[in-house]
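The lines below spell out each chain.
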Amino acid sequence: MTSKILYSLIIVILCISCSSDSSQTFTKPLPADTNYFPPTNGTKWETESIASLGWKQNAVQPLLDYLAMTNSKSIIILVNGRIVMENYFNGHSTTANWYWASAGKTLTATVTGIAEQEGYLNINNKVSDYIGKSWTSLPLAKENLITNKHLLTMTSGLEDIDNGDALDPASLSYKVDAGTRWAYNNVYVKLQDVIVKASSQTWTSYFNTRLRDKIGMDGIWIQTANHSIYTSTTRSMARFGLLIENKGKWGNTLILNEAYFNDATNTSQNINLGYGYLWWLNGKSSYHLPQSQLQFSGSLIPSAAADMFMALGKNDQKIYIIHSKNMVVVRMGDSTDNSNLALSNFDDALWRKINALYQ
């Protein structure tokens, strides 16, 4: 199934409604070091006003105009967990679902960390310890080099061009030894198989009970032969962003331990400095892009904060997280220009518009 057909199928499956935005009641700001967390059921979510933050009201409309003309469906900006902006475009709404694409890789990375803290797996163990031998077409000695951590960091060494997104053993062929090459590919999905085997639960059941339901997300996984794609409302994407912005805690409830969170959101290997455990990292001295072995100097998104890290998905599905600003930004929609896998020119342009709100 081609990517184009796949995403068309997902769009048909999704329930997209056209209800209008609900009105917001602005409330007193929280202390800078305190996050608000919305209840895990119902629609209540406290808000924060542009004025109370000292932001510039005259920068709001240019941002909204830019989002509307770049095929956006929604944007949410959280500060201290409260909604500062929540806007929908092109017929989308608070109750409409949309696909996360590769931004959902970070869901798999997070659940892998949860499974490790529960004792089901060790990310430094080889993948074949959990899903058996011959899950690739590599000689056993080469296959045994591949650990769960290599899948988390895109350094499995498996072929990433000729096999496309295929996951059958014949397609998972040798390129280089694990750990010696960074290449963006679909083999990370095997981590879901690892968790299934290790926990003796289905992927959906484990995900829902350990992550989704604990933070009040909605949404479902759509599984195909090669892809595992999450779909949800924009608010659910924002809930996940808030969990990660709070270093794996939902209020006082520990979902993901902070040690794993720190490893996941910092440089994970010495090849692509802009990559953690399926998270993209801003502010590094160099980075690689999907489907390229070129190294680029400088920050991924020059106009954005250096401490920002990101979940980036095909056709500009975005979660941006900035600890220094206690900020989460979510964008869902169609591609802003040409089809892209993760980063695009949209990111830098969008952050120039967001910066105008408070600079």
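Residues numbered from 1 in each chain as written. Predicted model: local features only at pLDDT ≥ 70, side-chain atom pairs only at ≥ 80, totals over all residues. Heavy atoms only, no water.

A. Representation of helix α9 (residues 203-212). Across the ten residues of α9, seven count as buried, placing the element largely inside the fold. In the core, the buried residues of α9 are packed alongside α4 (105-117), α8 (190-199), β4 (220-223), β5 (228-232) and α10 (234-245). (Buried < 20%, exposed > 50% of the residue type's maximum accessible area, 1.4 Å probe, protein only. Helix = DSSP H or I, 4+ residues; strand = E, 2+ residues; numbered from the N terminus. Contact = heavy atoms within 4.5 Å.)

B. The arrangement of the packing of aromatic side chains in detail. Scanning the entire structure with this criterion turns up 23 aromatic pairs. On the numbers, 5.9 Å between centres and 80 degrees between planes, the contact of Y120 with Y206 is edge-to-face. Of the two residues, Y120 is situated in the loop between α4 and α5 (128-131) and Y206 in helix α9; the sequence distance between them amounts to 86 residues. In this structure Y120 comes out as partly exposed when scored by relative accessible area, which is 29%. One aromatic cluster in this structure is built from W100, W203, F207, W221, Y230, F240, F261, W279 and F309. Between K73 and the ring centre of W98, over which it is positioned, the NZ or CZ distance is 4.7 Å. (Phe/Tyr/Trp six-rings, centres within 6.5 Å; stacked < 30°, edge-to-face > 60°. Lys NZ or Arg CZ within 6 Å of the ring centre and 35° of its normal.)

C. Seen up close, empty space enclosed by the protein. In this structure the tally under the stated criterion is one cavity of 30 Å³ or more. Roughly 50 Å³ of volume is contained in the largest cavity. Lining the largest cavity, in full, are L158, E159, N163, G164, D165, A166, L167, L172, N185, N186 and V187. Looking at the lining of the largest cavity residue by residue, the class counts come to five nonpolar, four polar and two charged. (1 Å grid on protein atoms, 1.4 Å probe; cavity = no way out; pocket = protein on both sides within 12 Å on 5 of 7 lines; lining within 4 Å. Points joined across faces, edges and corners; volume = space filled by probe spheres on them. Nonpolar A, V, L, I, M, F, W, Y, C, P; charged D, E, K, R; others polar.)

D. Representation of the pattern of salt bridges. The final tally for this structure, using the stated rule, is 13 salt bridges. Salt-bridge contacts for E118 lead to R210; the nearest nitrogen and oxygen are separated by 3.1 Å. A residue pair is termed long-range when its members are at least 10 positions apart, and E118 in the loop between α4 and α5 and R210 in helix α9 qualify at 92 residues. Residue D213 is joined to R212 by a salt bridge in which the shortest nitrogen-to-oxygen separation is 2.9 Å. Judged by its relative accessible area of 40%, D213 is partly exposed. For R212, a relative accessible area of 18% corresponds to the buried category. Taken together, the shared-partner salt bridges in this structure form one network comprising D316, K318 and D347. (Salt bridge = Lys/Arg side-chain N within 4 Å of Asp/Glu carboxyl O.)

E. Molecular detail of the sheet that holds strand β11 (residues 309-313). In spatial order, the strands read β2-β1-β13-β12-β11-β8; together these six strands make up an open sheet with antiparallel pairing. On the outer flanks of this sheet lie β2 (82-88) and β8 (280-281), each paired with one strand and no other. As paired elements, β8 and β11 share two bridges and run antiparallel to each other. Looking at the pairing, L281 lines up with F309 of β11. (Pairing = 2+ DSSP bridges.)

F. Quick peek at the environment of Q359. Its place among the elements puts Q359 in the segment after α12 (345-358). The spatial distance from the C-alpha of Q359 to the C-alpha of K56 is 8.4 Å, given a sequence separation of 303 residues.

G. Quick peek at the sheet that holds β5. Here three strands make up an open sheet; going across it, the order is β3-β5-β4 and the pairing antiparallel. Taken across any chain shown, the strands that pair with only one partner, and hence form the sheet edges, are β3 (98-99) and β4. Relative to β5, β4 runs antiparallel, the two sharing four bridges. When the bridges of β5 are listed, I220 appears paired with T231.

H. The arrangement of the environment of K133 in detail. With respect to the helices, strands and loops of the structure, K133 is situated in the loop between α5 and α6 (140-143). Looking at K133, the relative accessible area reads 62%, which means it is exposed. Put simply, K133 and N144 are eleven residues apart on the chain and 8.4 Å apart in space, counted from C-alpha to C-alpha. Those residues in contact with K133, other than ones at most four positions away along the chain, are S128, L140 and E143.

I. Representation of the nonpolar core in the model. Formed by 106 residues in total, the largest nonpolar core has its most connected members in I77, W100, L211, F240, Y320, W351 and L357. If we ignore the near neighbours within four places in the chain, the residues touching I77 are W55, L63, R82, I83, V84, M85, M327, V328, V329 and L357. (Core = buried A, V, L, I, M, F, W, Y, C linked by side-chain atoms within 4.5 Å.)

J. Structural context of the pairing of β2. When you tally the buried positions in β2, you get seven out of seven residues, the bulk of the element. Across six bridges, strand β1 (residues 72-79) lies against β2 in antiparallel orientation. Directly across from I77, in β2, lies its bridge partner M85. The hairpin formed by β1 and β2 contains two residues between the paired strands, and N80 there has a positive phi angle of roughly 55 degrees.

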